[in-house]
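Coordinates in review
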Amino acid sequence: MSTIMGKTIFYKTLLFTVALFATALFATANMCPKTAKAAEEWITDKSVTVTQDGCDFLTYLSEDGKESWIYQVKINKDGLKKLSFPEKIKGAPVTRIGFGEELYEEDSDWYYTIFHNTLEPWHNCYDTDVKAKDITSIEFPSTLTRIETGSFCGFNKIKKVVIPNGVKELTPYSFAACSKLKEVKLPAKLTSLNVKAFDKSRKISKFTISSKSKNFKTKKGLLLSKNSKKLIWAAPAIKKIVIPNGVKKLEDNALFATKATKVVIPKSVREIGSCALTGKDIEKIELKKGNKVYKMDGGSIYNKSDKSLAAILVKKGRAKISSKVKVLGEGISVMGAYYIDWVDIPKSVNTVIEDWMFFSDYEVSGTKIYFHGKKPPKIVSEVSGQIFTALPIFNKVYVPKGAKKTYIRWADDRDGLKWSYLFTF
């Protein structure tokens, strides 16, 4: 929810265009070939098609002929309810499914599903795959080790997914926008889970993993590290999240897409990752007494040592930051709202770091930012004059009477902009 705002139509258009360009570059960098090794492993200039159970499976074979990769599926049977992948192609076990990074063009800023439909999450495009409209179950080959990004996005009738034990990584959007998905069985050899793997699949209430897993364990809808010291992810449909005592770190985006209305944080927590507690439906947050690192004041959770804000609870559209807070940094968790109408920044805040903002959106531009200090906070950034950071542009900014010129100079010193949306109170 960290967004940057601006002040004129020109700059709004400019920043939005640059942001989209940067997003496209990021997406391309993540999809294009990273090394020559990947291209050498697979014979991608010769596709093998196998027809089975009402589907055509388009496949590549590895150079040594020991593995096969199904990169696309074509349905040739109406009303297909079960998508059953073959175990082998020409005697080679299927180890990979989905449209892989080395198959995309250099300027691509989208992903493809297994049916070759386009997926563009950064443009909020999660097209329901009409080709998957009747599919209620997926049977994967037991030999599978990798599922590519976005492969099974939009499978709106599947309720349960059993991922083969050999899969080590769950990639972004691999099971996104599966609106009826409720249960997931995670693979025993899983080493990493990208929380966006299940983006917009908000009915997931149960997931399990084998006790043989060396990396993770599950407990009441929570995915924990094997030693129970890290919270990795919470099932989106859980209404109340009670983080077990003993958990020391909340990983980045741990509550991504959560529908929880209450979260309880134990005294054992020592680190809250970037946006770890972000959840628009959260109404109540409880920090257990005795926590040595964090303290809660009103709706603010802050670090007791450097007084930096870790999380803020929004009530009736208003984020009132505690006067105990001195630093606003990156990755602040926003609880209780997606867009914030009003932000109160107390005079105690003397430092803002890099991309500290966590409110509004360039398409809404309605957030009111109240600076209660007559002296603007110090900006800490790696890039001098970086217009994408540190200034709450595109918002209506309010400052104390007599401090307007000071804040305008603060902005001008940063990037040379003159604010037209600067008011006094």
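Here we summarise the structure given alongside this text.

**Some remarks on the pattern of salt bridges**
- Taken as a whole and judged by the stated rule, the model has 16 salt bridges.
- The residue R96 makes a salt bridge to E148 at a minimum N-O spacing of 2.5 Å. Of the two residues, R96 sits in strand β6 (residues 92-97) while E148 sits in the loop between β10 (146-147) and β11 (160-162), which places them 52 residues apart along the sequence.
- With a relative accessible area of 9%, R96 lands in the buried category.

**Remarks on the nonpolar core**
- Ranked by size, the top nonpolar core spans 74 residues in total, and within it F85, F152 and F155 carry the most contacts.
- Considering each element in turn, this core owes the most residues, four residues, to strand β18 (residues 230-234).
- If we skip the residues at most four places from it in the chain, F155 touches L83, I114, F115, A132, I135, I138, A177 and C178.
- Listed in part, the 29 residues of the second largest apolar core include Y302, A319, I332 and W356.

**Things to note about the environment of N156**
- Looking at the secondary structure, you find N156 in the loop between β10 and β11.
- Sequence spacing of N156 and A176 is 20 residues, and the spatial spacing of their C-alpha atoms is 9.7 Å.
- Only 3.0 Å separates the side chain of N156 from the side chain of S179, close enough to count as a polar contact.

**A closer look at unusual backbone geometry**
- For K220, which is not a glycine, the phi torsion comes out positive at approximately 50°.
- In this fold, K220 is placed in the loop between β16 (216-219) and β17 (222-225).
- Using a relative accessible area of 78% as the deciding quantity, one classes K220 as exposed.
- Of note in the backbone geometry, S228 takes a positive phi value of approximately 65° without being a glycine.
- On the basis of relative accessible area, S228 is assigned to the partly exposed category, the value being 23%.

**Thoughts on the sheet that holds strand β20 (residues 249-250)**
- In space, the five strands of this open sheet follow the order β16-β17-β18-β20-β22, with mixed pairing throughout. Pairing within the sheet leaves two strands with one partner each, and these edge strands are β16 and β22 (271-272).
- Where β20 meets β22, two bridges bridge the pair, whose relative direction is parallel. For L250, the partnering residue across the bridge sits in β22 and is I272.

**What about a positive patch on the surface?**
- Taken together, the side chains of K229, K248, K267, R270, K292, K295, K304 and K324 make up a positively charged region of the molecular surface.
- Take K304: its relative accessible area is 33%, and that puts it in the partly exposed class.

**What to know about the side chain of E148**
- Since its relative accessible area comes to 4%, E148 is described here as buried.
- Side-chain polar atoms of E148 contact the side chain of R96, separated by 2.5 Å.
- In this structure the side chain of E148 is engaged in a polar contact, spanning 3.0 Å, whose partner is the side chain of R146.
- Those residues within four positions of E148 in sequence are excluded, and the remaining contacts are R96, I97, G98, F99, G100, E101, T171 and S174.

About the thresholds
- Residues numbered from 1 in each chain as written.
- Predicted model: local features only at pLDDT ≥ 70, side-chain atom pairs only at ≥ 80, totals over all residues.
- Heavy atoms only, no water.
- Salt bridge = Lys/Arg side-chain N within 4 Å of Asp/Glu carboxyl O.
- Helix = DSSP H or I, 4+ residues; strand = E, 2+ residues; numbered from the N terminus.
- Buried < 20%, exposed > 50% of the residue type's maximum accessible area, 1.4 Å probe, protein only.
- Core = buried A, V, L, I, M, F, W, Y, C linked by side-chain atoms within 4.5 Å.
- Contact = heavy atoms within 4.5 Å.
- Polar contact = N/O pair within 3.5 Å; in protein donor to acceptor, adjacent residues only side chain to side chain.
- Pairing = 2+ DSSP bridges.
- Patch = residues over 30% accessible without salt bridge, like charges linked within 9 Å, V, L, I, M, F, W, Y side chains within 5 Å.
- Areas by Shrake-Rupley, 256 points an atom, 1.4 Å probe, with all protein chains shown as cover.
- Lys, Arg positive; Asp, Glu negative; His and termini not counted.
- Charge placed at Lys NZ, Arg CZ, Asp CG, Glu CD.

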